[in-house]
Amino acid sequence: MNDQIKAADINSSGHLQIGGVDALTLADKYGTPVLVYDVAKIRDQIHRFRNVFEQEHVEYEVSYASKAFASVAIYQVMKQEQAHIDVVSGGELATAIKADFPMEKISFHGNNKSEAELSMALEHGVGTIVVDNFHEIDLLKQLIADSSKRVNVQLRITPGIAAHTNSYIATGQVDSKFGFDVDSGQADKALRELMAISQINVTGIHAHIGSQIFDVQGFKGVAHKLVQIAADWQEKYDFHTKILNVGGGFGIKYSADDHPIHPEDFVRAIIDVVKKSAQESGIDMPAIWIEPGRSIVGPAGYTLYTIGSRKDIPGLLPYVSVDGGMGDNIRPALYNAKYEAVLARDPQAQNIEEVRIAGKYCESGDILSDRQPLPETHPGDVLVMLDTGAYDYAMASNYNRNPRPAVVFVENGRDQLVIKRESYDDLTHLDLNYSL
Ligand SMILES: Cc1ncc(COP(=O)(O)O)c(C=O)c1O
Ligand SMILES: N[C@@H](CCCC[NH3+])C(=O)O
């Protein structure tokens, strides 16, 4: 039995249930592929992060990094949970506006925010702009010059910490496109420039070391580094930081090979280091902000596919194909990411073989799993890929002009469509006839 499936995930018919709803019923009702979120799991993850801060009596914010999965519905859940969110584009901001999300609880990130995106953020009163580079400082200065607008910013530094993760998703090393370098004096220069703009209020210092990180060392390092910088800037510039933002990146278990520590342990270690270093370096204890994305939505997501064709090759693993693939989950092809899958009708069934789960896209690399143990399967069976809530739908494409799947939220035994499946009309409605 897959160790990610608990007894409570199986209903009286022996089927997988998600948030109390039978996975086969969901597949029937919404079609496949469909991404289903167990909303209780999302709320629970936020509470787990929060509880530690509460127990430790530390000021904090949990800011959901919505690049992991952005939609009106998820922003509405975050609003109910009174969480903050990060956005990284005008599109995510527009979605948050549509969700009526409180603008003051939004942080706007990005290494190349356009003038249009910055003015959109200013117009809507976004709570924090996380300033990333000198061009952005110039743009901000121009945009607020003719107004009395006041803007809260956090200054993103590159901490010079290489996280142990896939190089595509590591961001803390000096050789990174994000943030101001510290050792060369760029971060100091950026602070001085920002402090010289009277309408700008620098509330904090930000760093993010990468994503899908399993151990606590990098976070301890970044927490210590941020405190050191804060102490240095207090001494040199009389700058008193209110916030240290240590970013996100808390890893999750996708497969039996992954052994991340618990969310609570990440947070506790960060708090310990900040408390201790702040005391040693004589700065007031700042608020600590974290920006988890994957760890909030990843484990709550289940992608339901229907099995179709099968190809057996003597001496090699069979290919079992499903009705989705790299268009709804690019992560195996892009990062060699591993996932696990079970059969909806019997997640506890005895496995009889190992197969490759192939997608339907016209690409040999469109393999969702290169070694998945499975029981006997037949065309029409519903295969459920686990932990697909983060950076899956968010990175979905229309490759081969396949429509993106539907997204459904499930909570308390009830289900609701929150993103419609794209239709062929949706796919073609931007196309124009060629008339030259
Ligand atoms: C600035 C920033 N914050 C937070 C995150 C969220 O990371 P994760 O989804 O790994 O928690 C990211 C993505 O890596 C990021 O770039
Ligand atoms: N898209 C990446 C994570 C990127 C994190 C964003 N800074 C993934 O799927 O793992």
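Residues numbered from 1 in each chain as written. Chains lettered and ligands numbered in written order. Predicted model: local features only at pLDDT ≥ 70, side-chain atom pairs only at ≥ 80, totals over all residues. Heavy atoms only, no water.

Naming follows an unreviewed UniProt entry, where the protein chain appears as Diaminopimelate decarboxylase of Limosilactobacillus coleohominis. The record held by UniProt for the protein chain lists under Subunit (unreviewed entry) the comment "Homodimer." Annotation of the protein chain in UniProt includes, under Pathway (unreviewed entry), the sentence "Amino-acid biosynthesis; L-lysine biosynthesis via DAP pathway; L-lysine from DL-2,6-diaminopimelate: step 1/1." (UniProt positions renumbered as here; feature names shortened; annotations may be inferred.)

### Section: the packing of aromatic side chains
According to the stated counting rule, one finds 14 aromatic pairs in the structure shown. Judged by centre distance (5.5 Å) and plane angle (70°), the rings of Tyr37 and Phe409 are edge-to-face. Residue Tyr37 is located in strand S3 (residues 34-38), and its partner Phe409 is located in strand S19 (residues 406-411); the two are separated by 372 residues in the primary sequence. For Tyr37, a relative accessible area of 0% puts it in the buried group. Ring centres of Tyr361 and Tyr399 lie 6.2 Å apart, and the angle between their planes is 10°; on these two criteria the pair is classed as stacked. In this pair, Tyr361 sits in the loop between strand S16 (353-358) and strand S17 (367-374) while Tyr399 sits in the loop between strand S18 (382-386) and S19, placing the two residues 38 residues apart along the sequence. (Phe/Tyr/Trp six-rings, centres within 6.5 Å; stacked < 30°, edge-to-face > 60°. Helix = DSSP H or I, 4+ residues; strand = E, 2+ residues; numbered from the N terminus. Buried < 20%, exposed > 50% of the residue type's maximum accessible area, 1.4 Å probe, protein only.)

### Things to note about the site of ligand 1
In the vicinity of ligand 1, 15 residues are found, and the nearest of them are His208, Ser211, Glu291, Arg294 and Tyr391. The contact in question runs from an oxygen atom of ligand 1 to an N or O atom on the side chain of Ser211, over 2.4 Å. A distance of 2.8 Å separates an oxygen atom of ligand 1 from a polar atom in the backbone of Gly249. Of the residues that constitute the shell around ligand 1, the class distribution is 3 nonpolar, 8 polar and 4 charged. (Near = heavy atom within 4 Å. Polar contact = N/O pair within 3.5 Å; in protein donor to acceptor, adjacent residues only side chain to side chain. Nonpolar A, V, L, I, M, F, W, Y, C, P; charged D, E, K, R; others polar.)

### What to know about the site of ligand 2
Among the 8 residues in the neighbourhood of ligand 2, the closest are listed as Arg294, Arg331, Tyr335, Tyr391 and Met395. Within the side chain of Arg331, a nitrogen or oxygen atom sits 2.5 Å from an oxygen atom of ligand 2. For ligand 2, whose unbound accessible area comes to 310 Å², protein coverage reaches 84%. Of the residues in the shell around ligand 2, the class split is 4 nonpolar, 1 polar and 3 charged. (Areas by Shrake-Rupley, 256 points an atom, 1.4 Å probe, with all protein chains shown as cover.)

### Topic: helix H8 (residues 217-237)
Between its first and last C-alpha atoms H8 spans 30 Å; for 21 residues at 1.5 Å apiece the expected length is 30 Å, and the two agree. Packed against the buried residues of H8 are strand S8 (151-158), helix H7 (186-195), strand S10 (200-206), strand S11 (243-245) and helix H9 (263-281). (Expected span 1.5 Å × (residues − 1). Contact = heavy atoms within 4.5 Å.)

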